[in-house]
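Take a look at the letters that make up each chain.
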Amino acid sequence: MKIFIATALLLAAPTLVLAQATPPAKPAAKPTAPAAGAKPAAKPRAPANRAAAVKSVEENTPIDDDPNVTLSPEDLEMAKRVHVGTFPCELGASVTITASDKRPGFFTVRSGLMRFRMHPVGSRTGAIRLEDGRAGAMWLQLGNKSMLMSQKIGQRIADECMSPDQAVFAEELKRNPRPSILDAPPPAAAGAGTAPAAPAMPAASAPR
């Protein structure tokens, strides 16, 4: 019996030694905490001014592809405010707008070899907007500049176009910038909206 026990202990000894020699498994690494002062990922910036915000909204507004266009009285009034003529744009481009002689409210818009037949449509921002539904093109006229873009190919054809009136207005904006749509409204004047305090009543005189 003693010989059997001794033999068992000899066979088990290497296993015990190996178990003691094997280092314990390390716990799973914890996610690294962000370094102190590290800035979060930058969020997309909103348009910095009103003109950029209007352009962003109008660019993403689908163009009406109805070829049977009937202009409303409001559209015809908007057409009266469309600047006509040839306007210089950035990168040496230019845009020429000509009013139609046959159909009031319609315009021919040319830039390079491209030619569009456009009419006014109501815009989401109140800007003057002309569209060519078949070509998927849009002319957007703001107070200080205009742009011609094709939603069909997803790019601007001409940007920063200016009529003489827009150039004057753009210079005025440089001298007197309008507040950004992202600016907080000015604080109300102290005491505004509160009723004036009642005048103090004279103290009653003591009876004689």
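Caption draft 1: Representation of the overall build of the protein within the structure. If you tally the helices and strands in the protein, you get four helices and eight strands. Listing each helix as α and each strand as β along the protein from the N terminus yields α-α-α-β-β-β-β-β-β-β-β-α. Buried positions account for 28% of the 208 residues belonging to the protein. For the protein, the accessible area works out to roughly 15,600 Å², and carbon and sulfur atoms hold 61% of it.

Caption draft 2: Seen up close, the sheet that holds strand S6 (residues 137-141). Strand order in the open sheet formed by eight strands is S1-S2-S3-S4-S5-S6-S7-S8, and the pairing between neighbours is antiparallel. This sheet does not close on itself; its edge strands, each paired only once, are strand S1 (85-88) and strand S8 (155-161). Averaged over all adjacent pairs, the angle separating strand axes in this sheet is 25°, with direction ignored. As paired strands, strand S7 (residues 146-150) and S8 are joined by four bridges and run antiparallel to one another. What sits directly across from Leu-148, in S8, is Ala-158.

Caption draft 3: Summary view of the packing of aromatic side chains. Inspection of the entire model under this criterion finds one aromatic pair. Judged by centre distance (6.4 Å) and plane angle (20°), the rings of Phe-87 and Trp-139 are stacked. Separated by 52 residues along the polypeptide, Phe-87 in strand S1 and Trp-139 in strand S6 bring together distant segments of the chain. Considered together, Phe-87 and Trp-139 belong to a single accessibility category, that of buried residues.

Caption draft 4: Spatial organisation of the state of the cysteines. Under the definition given, this model contains one disulfide. In this model, Cys-89 is linked to Cys-161 through a disulfide, with the two sulfur atoms separated by 2.0 Å. Between Cys-89 and Cys-161 the disulfide shows an S-S torsion of about 105°. By sign, it is right-handed. Of this pair, Cys-89 sits in the loop between S1 and strand S2 (94-99) while Cys-161 is found in strand S8, placing the two residues 72 residues apart along the sequence. The two residues Cys-89 and Cys-161 agree in class, both being buried.

Caption draft 5: Broad picture of helix H4 (residues 164-175). Taking 1.5 Å per residue as the helical rise, H4 with its twelve residues ought to reach 16 Å, and the 17 Å between its terminal C-alpha atoms agrees with that figure. Within the sequence span of H4, burial applies to Gln-166, Ala-170 and Leu-173. For H4, the angular spread of the buried residues around the axis is 60°, confining them to a single face. Exposed positions of H4 whose direction lies more than 90 degrees from the buried face are Pro-164, Asp-165, Val-168 and Arg-175.

Caption draft 6: Region of interest: a positive patch on the surface. Among the surface-exposed residues, Lys-102, Arg-103, Arg-110, Arg-115 and Arg-117 lie close enough to one another that they form a single positively charged patch. With respect to the secondary-structure elements, Arg-115 resides in strand S4 (residues 114-121).

Caption draft 7: Broad picture of the environment of Gly-126. Its location among the elements puts Gly-126 in the loop between S4 and strand S5 (128-132). Gly-126 sits in the exposed class, given a relative accessible area of 58%.

Caption draft 8: Geometry of the nonpolar core. Counting 19 residues, the largest nonpolar core has Val-95, Ile-97, Met-118, Trp-139 and Leu-148 as the members making the most contacts within it. Of all the secondary structure elements, the ones that give two or more residues to this core are helix H3 (73-79), S2, strand S3 (107-111), S4, S5, S6 and S8. Residues contacting Leu-148, with those up to four places away along its chain left out, are Val-95, Val-109, Ser-111, Phe-116, Met-118, Met-138, Trp-139, Arg-156, Ile-157 and Ala-158.

Caption draft 9: View of the pattern of salt bridges. Applying the stated criterion across every chain, the model contains six salt bridges. The residue Glu-77 makes a salt bridge to Lys-80 at a minimum N-O spacing of 3.0 Å. Exposure remark for Glu-77: the relative accessible area of 46% places this residue in the partly exposed category.

How each quantity is defined
Residues numbered from 1 in each chain as written. Predicted model: local features only at pLDDT ≥ 70, side-chain atom pairs only at ≥ 80, totals over all residues. Heavy atoms only, no water. Helix = DSSP H or I, 4+ residues; strand = E, 2+ residues; numbered from the N terminus. Buried < 20%, exposed > 50% of the residue type's maximum accessible area, 1.4 Å probe, protein only. Areas by Shrake-Rupley, 256 points an atom, 1.4 Å probe, with all protein chains shown as cover. Pairing = 2+ DSSP bridges. Axes fitted to C-alpha atoms, helices over the stretch in contact; angles between N-to-C directions. Phe/Tyr/Trp six-rings, centres within 6.5 Å; stacked < 30°, edge-to-face > 60°. Disulfide = S-S within 2.5 Å. Expected span 1.5 Å × (residues − 1). Arc of directions from axis to C-beta. Patch = residues over 30% accessible without salt bridge, like charges linked within 9 Å, V, L, I, M, F, W, Y side chains within 5 Å. Salt bridge = Lys/Arg side-chain N within 4 Å of Asp/Glu carboxyl O. Lys, Arg positive; Asp, Glu negative; His and termini not counted. Charge placed at Lys NZ, Arg CZ, Asp CG, Glu CD. Core = buried A, V, L, I, M, F, W, Y, C linked by side-chain atoms within 4.5 Å. Contact = heavy atoms within 4.5 Å.

Keep in mind these numbers describe shape, not what the thing actually does.
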